[in-house]
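So you can see what is in the structure, the chains are spelled out below.
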Amino acid sequence: MTYVEENKKLIQEVLEAYPEKAAKKRSKHLNVHEESNSDCGVKSNKKSVPGVMTTRGCAYAGAKGVVWGPVKDMIHISHGPVGCGYYSWSGRRNYYIGTTGVDTFGTMQFTSDFQERDIVFGGDKKLAKLIDELEILFPLSQGTTIESECPIGLIGDDIEAVARQKAKETEKPVVPVRCEGFRGVSQSLGHHIANDTVRDWVLPKADEYRKLPEGFEPSPYDVNIIGDYNIGGDAWPSRMLLEAIGLRVISQFSGDGTFNETVMTPLAKLNLIHCYRSMNYICRHMEEKYGIGWLEYNFFGPTQIAKSLRKIAAQFDETIQENAEKVIAQYQADMDAVIAQYRPRLEGKTVMMMVGGLRPRHVIPAFEDLGMKVIGTGYEFGHGDDYKRTADYVKDGTIIYDDVSGHEFEEFAKQLNPDLIAAGIKEKYVFQKMALPFRQMHSWDYSGPYHGYHGFAVFARDMDLAINNPTWSLIENPWNK
Amino acid sequence: MTENTAKNPTPPENLTPPVLSEPGKIQDHFDLFHTDPYQETFEFKRQFEGAHSKEEVARIAEWTKTWDYREKNFSREALTVNPAKACQPLGSLFVAAGFEGTLPYSHGSQGCVAYFRTHLTRNFKEPFQAVSSSMTEDAAVFGGLNNMVDGLANSYTLYKPKMIALCTTCMAEVIGDDLGAFIQTAKNKGSIPEDFPVPYAHTPSFVGSHITGYDNMLKGILECLTEGKKQETTNGKYNFNLGFDPYIGNIRELKRILQLFDLDYTVLSDNADAFDSPNTGEFKMYNGLTTLEDAADSINAEGTFFFQKYTTPKTQDYIEKEWGQETYNFRPFGIKGTDEFLTKLSELTGKPVPQELVDERGRAVDAMTDSQAWIHGKRIALYGDPDHVFGLVNFLLELGAEPVHIVVTNSNPDFEAELQAVLDASPYGQNSTIWGKKDLWHLRSLMFTEPVDLLIGNSYGKYLWRDTHTPIVRIGYPIFDRHHMHRYETLGYKGALNLHNWIVNTILDELDRQTIIPAKTDISFDLIR
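Computed from a predicted model, the values in this text were never measured in an experiment.

Quick look at the overall build of chain A
- When you go through chain A residue by residue, the secondary structure sums to 21 helices and 14 strands.
- Dimensions of chain A along its principal axes, counting C-alpha atoms only, are 70 × 60 × 45 Å.
- Nonlocal contacts in chain A, meaning residues at least 24 apart in sequence, comprise 72% of its contacts between residues at least 6 apart.
- Here chain A carries 55 positive and 65 negative side-chain charges, and the mean point of each set is 3 Å from the other.

So, in structure tokens, the structure goes:
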């Protein structure tokens, strides 16, 4: 049997454990990539099968946790019962600079803490009062977003009316985000909903809200960084690289971003988008409305960084292109040194990945820069266009799993026995109990940054310490042999 | 009111700082962002941020520390900021995990389960397995019956549990899904065998908190498993329940104590291994240690002990009324609380307190007298669940420390009255206030206006540490930023020793931090304390 055939057989075996109906559904989400295939051959963005232990979250997680949450000088209200805001409080490591509780609010939890009477009588009055109280206690906040939790959409509250009224009264933006957790099939719809609120509630008033820097002159080199959430500080080395080649970043949306940066975005010449999945909607809108083009880039690992810098520079003039070459050349020696240090320790090691927005494809070349091989990958909440893009990254025989269940992931890992699994916190200790080295690929396992040249060095160090740490060799006891 | 202070900031000069500041030296977020090029980048970025002037930020920051701000803060009626409570299903999943072969199942939206699993996993650094009905918009309209029929079939077939413990998210509660009828329909449709146990609990997140969900699920499990199991005679055992207690060392310590008394027991929800399983190289999905058989037989016990009275009111009421069984409430935390518990065990067994425990008591008290000078009169702020806080307050009063600010977001009047009586009776409780239903943003105001020497709380308390410079002892749930705390016991004399150790050494660490500047504060940087 060829490698592709072996893995196809493995998928069939893994599906056998399901009841017939579930097996049929799940079979469409699992495939072995063949190079002739242009889209990985899996279905995606479908409802999760009940009871199979999906890793997915909800629309609220996508809207509050991912897109709006990192806008640091606004207050994001978890509107509804206390849990959603509690569990997502400070969980994401989207770093920011600011005095928390005074001019920034990123690691705080604001909630309307719904009680039974709020469900029965509705929560609009409470919400209005709550926003008044925010104004008293947090006068430097630059606005509010209201992220509605499941009950809000079920009891018929009109958060839009409250938002309109309070925006008028406070003269600050108040953005209602209808991201109830039951909407859609994963956090992905929450990204979309949040993008739509930028389109409908923020950008139409951008000129009114915008505070231009003193002496601001538009420049042909103005760009936005879109969809970098600054996990472990990722957006900062990215920003520096762009500025090093002569561009001017006038907005980060949303990692370490502010409301003003959000309304700066229409002034840019180009949107540079890191996480396509969560922010392509607003980029498409800005292209249509303002004629601002957008470009995806990948700043994981020296190969892709160079490729992306050239691709970005090609949108501008020769000066920028020359700068890009200079920057790439300047970091060559550093990258050679990092690779010389770590590649011999990682050469040939195999990896299985399962992450969110873009990492299941974008990180693959960074592993390859270190001589490692990704043998399985998949998305929690990807769509068809993600898998299409993934086909350009993966090799023949790679197992592709969409919305992988606990059962599938464990069985694949048991059979393929990779040297590293790179996924999320819910998976981490399952695999570590199986003596499989693991790195969290959402939070960078409390490390980072991983973007840019500085980030790649940290990435290389972390993959080495995960795989080559001596504790793994202690797991088997001496009496069991 | 808003202005930019950075007048025509210029871009940083060095935008390509080397990756390796010296050969082999890699800088990550701890170092990298403090270097000049990054600091200059942050300053340059500021002009686009529409930021308030640094003077204005400083002015407001100072104002948040005042009595004026405190009064405004305490006038809040609608807003909750940084609450010290979670929602019901978290407690339901927590208690379910202690039963043999049990798969926790949350009926409703799927995102909730992702959050519960993440939260528990981050605290315990252990896998936590649970499933969801994955209900979406169509289920919001038509109800979640089909999701449950499929969900039970899939999870039963795939994960081969011995029991599925089912709770609800607020979505299922708002639309009013009928759990009992749905489970029966699933059985009729062959999703699961007719005799397969599926205890359930309604756990709306807009009622109570995680401890309410603990109570509801525990009651649901006991109701389900003990149905028709009542015998004419007792089984001679006692049941023990620890409540929403994140210290799995406590279960092990309790069992050791009971074994020393040679008392036959059943721990109702023994999740010690579920949250602390050995690494053998094989992943074991189910680690709940309370067998379904023992749980079923718990109805025939002599009585049931509870260590968290305010976590378990419904379960206690059920056991008293439906089982006709005696319930006992003890708080074996600190010296006197443990004394009372052991005295009761001695009375029930007719045996003297084992010498081993008497010696442990002596050692714990010895340690407390050794360190008393450093703790006496120290002003403490603390927060957490009612019963957790109760145990800590008892211990602090024994040490001669003064619990000044006591914040309990998920408080209730009975708890407050009982704790107030304890405080009133102690000379060290005279300056105490119980702040029921308040949150950690209220506590911030309290700590600025009426400062304390020490804060006791979970990891979220580190923000109060940062803002008020009050050192924190991490005791509670969740603890995300320190490792392995949950493996220790806080119960019994050994637990008292741990609590004492954490408290006194935090005080001493803080003294070192305050006296570490050479030629300035290090006069008191003492070798011997």
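Things to note about the overall build of chain B
- Across its full length, chain B holds 21 helices and 13 strands.
- The C-alpha atoms of chain B give 26 Å as radius of gyration, which agrees with the globular expectation for 529 residues (24 Å, within 12%).
- For chain B, the proportion of its 529 residues judged to be buried stands at 63%.
- Within chain B, counting contacts between residues at least 6 apart in sequence, those at least 24 apart form 73% of the total.
- Here chain B displays about 20,200 Å² of accessible surface, and carbon together with sulfur accounts for 50% of that area.
- Once the 49 positive and 72 negative side-chain charges of chain B are each reduced to a mean point, those two points are 3 Å apart.

Here's the deal with the sheet that holds strand 4 (residues 144-148) of chain A
- Strand order in this open sheet of five strands is 5(A)-4(A)-2(A)-3(A)-1(B), and the pairing throughout is mixed. If you trace the sheet from one side to the other, it starts and ends with strand 5 (174-177) of chain A together with strand 1 (80-81) of chain B, each paired once.
- In this sheet, strand 5 of chain A lies alongside strand 4 of chain A in parallel orientation, the contact comprising four bridges. Looking at the pairing, Thr144 of chain A lines up with Val174 of chain A of strand 5 of chain A.
- Packed on one face of the sheet, helix 8 (residues 159-170) of chain A meets strand 2 (75-79), strand 4 and strand 5 of chain A and runs near 170° to strand 5 of chain A.

Some remarks on the confidence of the model for chain B
Residue and element names in this part refer to chain B.
- With 98% of its residues at a pLDDT of 70 or more, chain B shows a mean pLDDT of 97.
- In the model, residues 1-6 has pLDDT below 50 throughout and makes 19 contacts with residues more than four positions away in sequence or in other chains.
- Complex prediction metrics read pTM 0.98 and ipTM 0.98.

Some details on the packing of helix 8 (residues 145-159) of chain B against helix 10 (residues 179-188) of chain B
Residues and elements named next belong to chain B.
- Following both chains from N to C, one finds helix 8 and helix 10 inclined at 50°, their axes separated by 9 Å at the closest point. Classed by the angle they form, the pair helix 8 and helix 10 counts as oblique. Like other packed secondary-structure pairs, helix 8 and helix 10 cross with a definite hand, here right-handed. For the pair formed by helix 8 and helix 10, the contact residues are Leu145, Met148, Val149 and Leu152 on the first element and Leu179, Phe182, Ile183, Thr185 and Ala186 on the second.
- Considering only residue class, the contact of helix 8 with helix 10 consists of eight nonpolar, one polar and no charged.

So, the state of the cysteines
- Under the defined criterion, the tally for this structure stands at zero disulfides over all chains.
- The thiol sulfur of Cys112 of chain B is not disulfide-bonded, and the nearest other cysteine sulfur, from Cys150 of chain A, lies at 5.6 Å.
- This cysteine, Cys224 of chain B, is not joined by any disulfide, and Cys167 of chain B carries the nearest cysteine sulfur, 14 Å off.

Focus on the nonpolar core
- Within the largest apolar cluster, 230 residues are counted, with the highest numbers of intra-cluster contacts made by Phe367 of chain A together with Phe240 of chain B.
- Ignoring any residue separated from it by four or fewer positions in sequence, one finds Phe367 of chain A in contact with Val351, Met353, Met372, Val374, Leu420, Ala422, Met441, Phe459 and Met463 of chain A.
- If you look at the next biggest cluster of nonpolar residues, it comprises 50 residues, including Met53 and Ile375 of chain A together with Leu103 and Leu152 of chain B.

Quick notes on the interface of chain B and chain A
- In this complex, chain B contributes 109 residues to the contact, which on the side of chain A involves 126 residues.
- Of the roughly 10,000 Å² buried where chain B meets chain A, counting both sides, 63% is carbon and sulfur surface.
- The tally of links from chain B across to chain A stands at ten salt bridges.
- The interface formed by chain B and chain A contains 49 residue pairs in polar contact (both at pLDDT 80 or more).
- Residues of the side of chain B that touches chain A, tallied by class, amount to 52 nonpolar, 38 polar and 19 charged.
- Note that strand 3 (residues 110-111) of chain A and strand 1 of chain B share two bridges and pair antiparallel. Pairing of Phe110 of chain A across the sheet is with Val81 of chain B, part of strand 1 of chain B.

Some remarks on a nonpolar patch on the surface
- On the surface, Ile516, Ile517 and Phe525 of chain B cluster together to form a nonpolar patch covering roughly 280 Å² of accessible area.
- One can find Ile516 of chain B in the segment after helix 21 (492-514).

Describing the pairing of strand 9 (residues 293-296) of chain A
Residues and elements named next belong to chain A.
- Pairing of strand 8 (residues 270-273) with strand 9 involves four bridges; the strand directions are parallel. Within strand 9, the residue paired with Asn271 across the bridge is Trp294.
- For the handedness criterion, the β-α-β arrangement of strand 8, helix 13 (residues 276-290) and strand 9 is classed as right-handed.

Topic: the environment of Asp386 of chain A
Residue and element names in this part refer to chain A.
- As for its placement among the helices and strands, Asp386 is situated in helix 18 (residues 384-390).
- Classification of Asp386 as buried rests on a relative accessible area of 0%.
- Expressed as a C-alpha distance, the spacing of Asp386 and Arg361, which sit 25 residues apart in the sequence, is 8.5 Å.

Focus: the sheet that holds strand 6 (residues 222-226) of chain A
Residue and element names in this part refer to chain A.
- Strand order in the open sheet formed by four strands is 7-6-8-9, and the pairing between neighbours is parallel. At either margin of the open sheet sits one strand with a lone partner, and together these are strand 7 (248-253) and strand 9. Taking the axes of each pair of neighbouring strands and ignoring which way they run, one obtains an average angle of 25° across the sheet.

Here we look at unusual backbone geometry
All names here are of chain A.
- At the junction of Phe253 and Ser254, the peptide bond is cis and its omega measures out at 10° in the coordinates.
- Note on placement: Ser254 falls in the loop between strand 7 and helix 12 (259-264).
- Backbone geometry at Ser90 places phi at a positive 60°, although glycine is not the residue there.
- Mapped onto the elements of the fold, Ser90 is located in the loop between helix 4 (83-87) and strand 3.

As for the pairing of strand 5 (residues 238-241) of chain B
Residue and element names in this part refer to chain B.
- Burial of strand 5 is two-sided: the residues Tyr238 and Phe240 facing one way and the residues Asn239 and Asn241 facing the other way are all buried.
- Of the pairings in the sheet, the one linking strand 5 to strand 6 (residues 265-267) comprises three bridges and is parallel in character. Across the sheet, the residue bridging to Phe240 is Val267, located in strand 6.

Re the pattern of salt bridges
- For the coordinates displayed, the defined rule picks out 72 salt bridges over all chains.
- The partner of Glu261 of chain A in a salt bridge is Lys45 of chain B, and the shortest N-O contact between them spans 2.8 Å. Placement of Glu261 of chain A in helix 12 and of Lys45 of chain B in helix 2 (residues 36-46) is noted, with the two residues assigned to different chains. Neither residue differs from the other here; Glu261 of chain A and Lys45 of chain B are each classed as buried.

Definitions and cut-offs
Residues numbered from 1 in each chain as written. Chains lettered and ligands numbered in written order. Predicted model: local features only at pLDDT ≥ 70, side-chain atom pairs only at ≥ 80, totals over all residues. Heavy atoms only, no water. Helix = DSSP H or I, 4+ residues; strand = E, 2+ residues; numbered from the N terminus. Contact = heavy atoms within 4.5 Å. Lys, Arg positive; Asp, Glu negative; His and termini not counted. Charge placed at Lys NZ, Arg CZ, Asp CG, Glu CD. Rg over C-alpha atoms; globule rule 2.2 N^0.38 Å. Buried < 20%, exposed > 50% of the residue type's maximum accessible area, 1.4 Å probe, protein only. Areas by Shrake-Rupley, 256 points an atom, 1.4 Å probe, with all protein chains shown as cover. Pairing = 2+ DSSP bridges. Axes fitted to C-alpha atoms, helices over the stretch in contact; angles between N-to-C directions. pLDDT = per-residue confidence, 0-100. Parallel < 35°, antiparallel > 145°, perpendicular 65-115°, else oblique. Left-handed = near helix turned anticlockwise from the far one by under 90°. Nonpolar A, V, L, I, M, F, W, Y, C, P; charged D, E, K, R; others polar. Disulfide = S-S within 2.5 Å. Core = buried A, V, L, I, M, F, W, Y, C linked by side-chain atoms within 4.5 Å. Buried area = accessible area lost by both parts, 1.4 Å probe. Salt bridge = Lys/Arg side-chain N within 4 Å of Asp/Glu carboxyl O. Polar contact = N/O pair within 3.5 Å; in protein donor to acceptor, adjacent residues only side chain to side chain. Patch = residues over 30% accessible without salt bridge, like charges linked within 9 Å, V, L, I, M, F, W, Y side chains within 5 Å. Right-handed = clockwise from strand over helix to strand, strands pointing away.

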